[in-house]
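Descriptive structure summary
Letter by letter, the chains look like this.
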Amino acid sequence: MASTNKTEHLSLNQWVLTDKPRMDDFNSDNQKLDQAVGEHTADTTLHITSSERSKWNGAPKLAVGTYVGNNALTRTISVGFTPKFCAVFAQDEMPVDPVNEDGVGEVFAAFACTDTGSLGLRVASGGFTVTHHQSTPLDSRFLRLNFSGKTYGYVAMG
């Protein structure tokens, strides 16, 4: 004998003490549950597909950090992956200090992507390379991306 009561959404059996459950009742409930769960998990509007999951697992990598300059002419900062984009900026400095009375300015920030970038910053295997000019300006500017003792922030995306 089927149950006296049924659940609201799947009409599953809900017995009272006077009902006499049968194996067919349980099997019918199991079929309803299996169908409902199967339809739910196959619904790609509510759930992601295997292809979507693979794309998400390959989401861009991100590294945010700092380094302290050491005056080396070039220096590679490792971030653990090869960035597609990165930005570097000196703490407490204008990105570009205006040209002084000698006609020379200072650059404290730069951007780069896979194939190009601002003067002084390039994407490198496993990170990025910064340039620091101490005595010879380039294009009437000193590149100050590794000034000794200066803290620099960076964002790198892969």
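Scroll up a little and you will see the structure.
Everything in this summary refers to the structure shown in the same document.

Quick notes on the rules
- Residues numbered from 1 in each chain as written.
- Predicted model: local features only at pLDDT ≥ 70, side-chain atom pairs only at ≥ 80, totals over all residues.
- Heavy atoms only, no water.
- Pairing = 2+ DSSP bridges.
- Helix = DSSP H or I, 4+ residues; strand = E, 2+ residues; numbered from the N terminus.
- Patch = residues over 30% accessible without salt bridge, like charges linked within 9 Å, V, L, I, M, F, W, Y side chains within 5 Å.
- Areas by Shrake-Rupley, 256 points an atom, 1.4 Å probe, with all protein chains shown as cover.
- Salt bridge = Lys/Arg side-chain N within 4 Å of Asp/Glu carboxyl O.
- Buried < 20%, exposed > 50% of the residue type's maximum accessible area, 1.4 Å probe, protein only.

**Description of the sheet that holds strand E12 (residues 141-143)**
- Spatially, three strands are ordered E6-E7-E12 in an open sheet, and the strand pairing comes out mixed. Strands with a single pairing partner mark the edges of an open sheet, and in this sheet they are strand E6 (96-97) and E12.
- One ladder, built from two bridges, connects E6 with strand E7 (residues 105-107); its direction is antiparallel. The partner of Val96 across the bridge, within E7, is Val107.

**Re the sheet that holds strand E3 (residues 62-68)**
- Within the open sheet, the five strands sit side by side as E3-E13-E5-E8-E9. Their pairing is antiparallel. Two strands bound the open sheet, and with one partner strand each, they are E3 and strand E9 (116-117).
- As judged from the two bridges shared by strand E8 (residues 109-113) and E9, these two strands associate in the antiparallel manner. Bridging across to E9, Ala112 finds its partner in Gly117.

**A few points about a nonpolar patch on the surface**
- Together, Leu62, Val64 and Met157 make up an exposed nonpolar region whose accessible area comes to about 300 Å².
- The residue Val64 is located in strand E3 in this model.
- Using a relative accessible area of 62% as the deciding quantity, one classes Val64 as exposed.

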